[in-house]
Amino acid sequence: MKKIVLVLFIGLLGFGLTAQENVAKIKFKAETVDYGEIAKGSDGVRIFEFTNTGDAPLVISKVSSSCGCTIPKKPDAPILPGKTGEIQVKYDTNRVGPIAKAITVISNADTPTKVLKIKGKVLPPEGK
């Protein structure tokens, strides 16, 4: 009886490990976007490109920023294995000064939480 239970346990353990092999993996082209020096009021939209390098669909469930001056937008549909996607980030360029913000991405990837960064500097209007 003990042998039967042991064989069943090992079989279930092996099945569980096999089922976990299909996971989504997220690989960003760059984890930091540098705005450089930009003029006040200029276009604040930037894109983080990524690829699902896993073998299961990647679902991004939440994208949030460290402040209200940065608005991220996540993809609505799952990203299939081998396909690329993008996270759009819009920074309020009417705020003069340095940019140093974090964007947190939560997904079903093998690394479920990723922190992306934006940096740069918004210059004041000339003559001021």
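Residues numbered from 1 in each chain as written. Predicted model: local features only at pLDDT ≥ 70, side-chain atom pairs only at ≥ 80, totals over all residues. Heavy atoms only, no water.

Visitor: What is the right way to look at the state of the cysteines in this model?
Guide: In protein structure, a disulfide is the covalent linkage between the sulfur atoms of two cysteines. For the structure on display, the rule yields 1 disulfide. Each sulfur of the disulfide joining C67 and C69 lies 2.2 Å from the other. An S-S torsion of about -60° defines the bridge between C67 and C69 as left-handed. Residue C67 is classed as partly exposed on the basis of its relative accessible area, which comes to 22%. (Disulfide = S-S within 2.5 Å. Buried < 20%, exposed > 50% of the residue type's maximum accessible area, 1.4 Å probe, protein only.)

Visitor: What's the story with the packing of aromatic side chains in this structure? I'm lost.
Guide: The way to describe two aromatic rings as a pair is by their centre distance and the angle between their planes. Counted by the stated rule, this structure contains 2 aromatic pairs. Look at Y35 and Y91: their rings are 6.2 Å apart centre to centre, the planes differ by 65°, and that puts the pair in the edge-to-face class. With Y35 in strand β2 (residues 32-39) and Y91 in strand β6 (residues 84-91), this residue pair connects regions lying 56 residues apart in the sequence. This pair shows no difference in class: Y35 is buried, exactly as Y91 is. (Phe/Tyr/Trp six-rings, centres within 6.5 Å; stacked < 30°, edge-to-face > 60°. Helix = DSSP H or I, 4+ residues; strand = E, 2+ residues; numbered from the N terminus.)

Visitor: Looking at this structure, how should I read the side chain of T70?
Guide: In this fold, T70 is placed in strand β5 (residues 70-73). Apart from residues lying up to four places away in sequence, T70 is in contact with S65, V89, K90, Y91, K101, I103 and I118. (Contact = heavy atoms within 4.5 Å.)

Visitor: What should I look at first to understand the pattern of salt bridges in this one?
Guide: When the charged atoms of two side chains lie near each other, side chains of opposite charge can form a pair. Throughout the structure, instances matching the rule amount to 3 salt bridges. Put simply, E31 and K114 hold a salt bridge, and the shortest N to O gap is 3.2 Å. Within this pair, whereas E31 is found in the loop between β1 (26-28) and β2, its partner K114 is found in strand β8 (residues 113-123), the two being separated by 83 residues in sequence. A relative accessible area of 36% places E31 in the partly exposed class. The salt bridge involving R95 is made with D92; its shortest N-O contact spans 3.6 Å. On the accessibility criterion, D92 (31% relative accessible area) is partly exposed. (Salt bridge = Lys/Arg side-chain N within 4 Å of Asp/Glu carboxyl O.)

Visitor: Can you walk me through the confidence of the model for the chain in this structure?
Guide: One rule of thumb: low pLDDT means the predicted coordinates there are not for detailed reading. Of all residues in the chain, 83% attain a pLDDT of 70 or more, and the chain-wide mean is 88. For the chain, the element scoring lowest by mean pLDDT is helix α1 (residues 2-19), at 57; strand β3 (residues 45-52) scores highest, at 97. (pLDDT = per-residue confidence, 0-100.)

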